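Overview (structure and organization)
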Amino acid sequence: MSRYFSPRIDLFIILSVLILMLSHIITNFIILNMSGSDHDIKSKKTEIFLSARSEELFGRELTEALLLEFEGKNPDLKLVILNGSDKREPAPSPDILFFDEGEISELAASGALLSLESYFNQERNPGNFAANIRFDNPRDVRKTGMDLFTVPLVSFIDLLFYNIELITAAGFDRPPKTREEFLRFAKAVSAGSASGAALGLSSQDRQAVSRDIFSWIWASGGDFWAIDNSHGGQKPVINTRAMIRDIAFLGSLNGEGALAPVSFGVTGGQRLEEFAQGKIALLIASSRAIPRLREKMGDNVFGITTIPDSGYGGKYNLGLCGLYAGISADCEYPDEAWNFLSFLAEQIPHLCAQLYAVPGIVSGFFSGDFNYMQDDPFYSKARDIFESSEIVYGFSKTAGAADYEKIVLEEIREYFDRNLTAEQTAAAIQRRWDDVPVRNR
């Protein structure tokens, strides 16, 4: 038996070895080709680069969640945040830019942004979110040529924040309602270990002039663009009796010891941190700061209210500070970038809820009436302030914005340092504003 089966067993063994060898070769070939296919698929993905400010403005966790959701719906696109870790040469530049109110004018004027007019002119329908947010709205938000370069995502308003413990210790049981009370409260607190009020007028702070100077003018009904006189409506106007009173009030705060020192070397962010530490009693800041202050201070230590007006019966005005997205003028794939901006527009209610934005978005398509504003004492009050106010504009969407605001900053500093009159300061600002070349707004 063994002699009969031996040759057949040997043949079987040889064939088995050959089959195993062939199987191994075929398997490796298949794996290699499949790996190559995966590589080809990955290499075919179009990369869209996002500016690093996306994480700064929206937070890392929210930004990453948005990117994952978008890529899940668009597997042919890969979104990459440029945060300095990319070592490619040459370094890629962002296709999509994220920025706040203070950067719009500079970006548009420098030619850094792609006009989105052709996308906005696409047929508007309920599914075209990014086009729909361009609709005129019941709040009569003024449109300018720069609106064609941006997609507004969320908006905030400036409010007066007050430290309950500090003003109570100074002998007051509520926040100031008038400017006379504001000055009295601030002086009383400043007589102790804290500062009554503070300005953050660093030239490095793009929101400084709007927040700490213009907001006082707006609260009393002022509007630089509302007067159509010898300037023909083409130039902003500040040299009026009402605005001179507003400037004089700022001079009183400075001259009567109501302000923390070093106003021109400190940013609003630094002032906000001082407020959170209990070093400042009264501070104008964005509604965007509410979540941060609640986390650091608790709900019972601070409150929000309107900025006191002059008492002359003007309509309470306020300016908006928004977060925006736009497409770089150098973007290689503008249609793909627009696809992401449209996705972001769909996410506006989610963005507003995550950032607790008040008013959220000012648009005829999105009302801004979100659930988190309903019962929460902070956000419902901020919403009430917004709804009882009129929206006015500084220079964020005006060509030459940096020039106009720099003039104000320089002249207010002269006013504080040299003890000039409010009339002299308003006249000096107006003269210099008139010399700024007229450009399309």
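Please read all numbers here as calculations on a predicted model, not as lab measurements.

Comments concerning the overall build of the protein
- On a plain count of helices and strands, the protein comes out with 17 helices and 11 strands.
- Residues counted as buried form 51% of the 441 residues belonging to the protein.
- Contacts in the protein between residues far apart in sequence, at least 24 positions, make up 75% of those at least 6 positions apart.
- Entry remark: accessible area of the protein is about 21600 Å², with carbon and sulfur atoms responsible for 52%.

So, the confidence of the model for the protein
- A residue-level look at the protein finds 80% of positions with pLDDT of 70 or above and a mean pLDDT of 85.
- Scored below 50 in pLDDT, residues 1-5 makes 0 contacts in the model with residues more than four places away or belonging to other chains.
- Here residues 35-42 is modelled with pLDDT under 50, and outside its nearest four sequence neighbours on either side it reaches 0 contacts, counting other chains as well.

A look at the nonpolar core
- Core analysis: the biggest nonpolar cluster contains 121 residues, and Phe98, Phe161, Phe224 and Phe340 have the highest contact counts within it.
- Here this core takes 9 residues from strand β4 (residues 151-163), the largest share from any one element.
- Once residues lying within four places of it in the same chain are set aside, the contact partners of Phe98 are Leu50, Ser51, Arg53, Ser54, Leu57, Phe58, Leu153, Tyr324, Ala325, Phe340 and Leu344.
- Listed in part, the 9 residues of the second largest apolar core include Leu97, Ala108, Leu113 and Tyr324.

A word on the packing of aromatic side chains
- Following the criterion strictly, the structure yields 29 aromatic pairs and no others.
- For the pair Phe214 and Trp218, a centre-to-centre distance of 5.8 Å together with 50° between the ring planes defines the contact as tilted. You can see Phe214 and its partner Trp218 sitting in helix α9 (residues 208-219), 4 residues apart, about one turn around the helix.
- What makes Trp218 buried here is its relative accessible area of 4%.
- An aromatic cluster of three or more residues is present, and its members are Phe214, Trp218, Phe224, Trp225, Phe395, Tyr404 and Trp433.
- A cation over a ring is seen here: Arg179 above Phe249, with NZ or CZ 5.2 Å from the ring centre.
- If you follow Arg245 out to its NZ or CZ, it ends over the ring of Tyr312, 3.6 Å from the centre.

Considerations on helix α15 (residues 377-387)
- Among all positions of α15, only Phe378, Tyr379, Ser380, Ala382, Arg383, Ile385 and Phe386 are buried.
- Of the residues flanking the start of α15, the one acting as N-cap is Asp376, its side-chain oxygen 2.9 Å from the backbone nitrogen of Phe378.

Observations regarding unusual backbone geometry
- The linkage connecting Val358 with the following residue, Pro359, adopts the cis geometry, with an omega of 10°.
- Checked against the element boundaries, Pro359 lands in strand β10 (residues 359-360).
- One non-glycine residue, Val262, lies in the positive phi region at around 60°.

Thoughts on the pairing of β4
- Along β4, 13 of the 13 residues are buried, which leaves the element largely enclosed by surrounding structure.
- Bridge count between β4 and strand β9 (residues 320-327): 6 bridges; the pairing is antiparallel. Residue pairing for β9: Phe156 is matched across the bridge by Cys321.
- Summarising the sheet, β4 and β10 pair through 2 bridges and their orientation is antiparallel. The partner of Phe156 across the bridge, within β10, is Pro359.
- Summarising the sheet, β4 and strand β6 (residues 280-286) pair through 5 bridges and their orientation is antiparallel. Paired with Phe161 across the two strands is Leu283, which belongs to β6.

A look at the pairing of strand β3 (residues 96-100)
- Burial within β3 is extensive, with 5 of its 5 residues counted as buried.
- Residues of β3 alternate between two faces, with Ile96, Phe98 and Asp100 on one and Leu97 and Phe99 on the opposite face, all of them buried.

Comments concerning the packing of helix α8 (residues 179-190) against helix α10 (residues 241-255)
- Following both chains from N to C, one finds α8 and α10 inclined at 15°, their axes separated by 10 Å at the closest point. Judged by the inter-axis angle, α8 sits roughly parallel to α10. Remark: the crossing between α8 and α10 carries right-handed chirality. Here Arg179, Phe182 and Leu183 of α8 come into contact with α10, specifically with Arg245, Asp246, Phe249, Ser252 and Leu253.
- When its residues are assigned to classes, the contact of α8 with α10 shows 4 nonpolar, 1 polar and 3 charged.

Procedures and definitions
Residues numbered from 1 in each chain as written. Predicted model: local features only at pLDDT ≥ 70, side-chain atom pairs only at ≥ 80, totals over all residues. Heavy atoms only, no water. Helix = DSSP H or I, 4+ residues; strand = E, 2+ residues; numbered from the N terminus. Buried < 20%, exposed > 50% of the residue type's maximum accessible area, 1.4 Å probe, protein only. Contact = heavy atoms within 4.5 Å. Areas by Shrake-Rupley, 256 points an atom, 1.4 Å probe, with all protein chains shown as cover. pLDDT = per-residue confidence, 0-100. Core = buried A, V, L, I, M, F, W, Y, C linked by side-chain atoms within 4.5 Å. Phe/Tyr/Trp six-rings, centres within 6.5 Å; stacked < 30°, edge-to-face > 60°. Lys NZ or Arg CZ within 6 Å of the ring centre and 35° of its normal. Polar contact = N/O pair within 3.5 Å; in protein donor to acceptor, adjacent residues only side chain to side chain. Pairing = 2+ DSSP bridges. Axes fitted to C-alpha atoms, helices over the stretch in contact; angles between N-to-C directions. Parallel < 35°, antiparallel > 145°, perpendicular 65-115°, else oblique. Left-handed = near helix turned anticlockwise from the far one by under 90°. Nonpolar A, V, L, I, M, F, W, Y, C, P; charged D, E, K, R; others polar.

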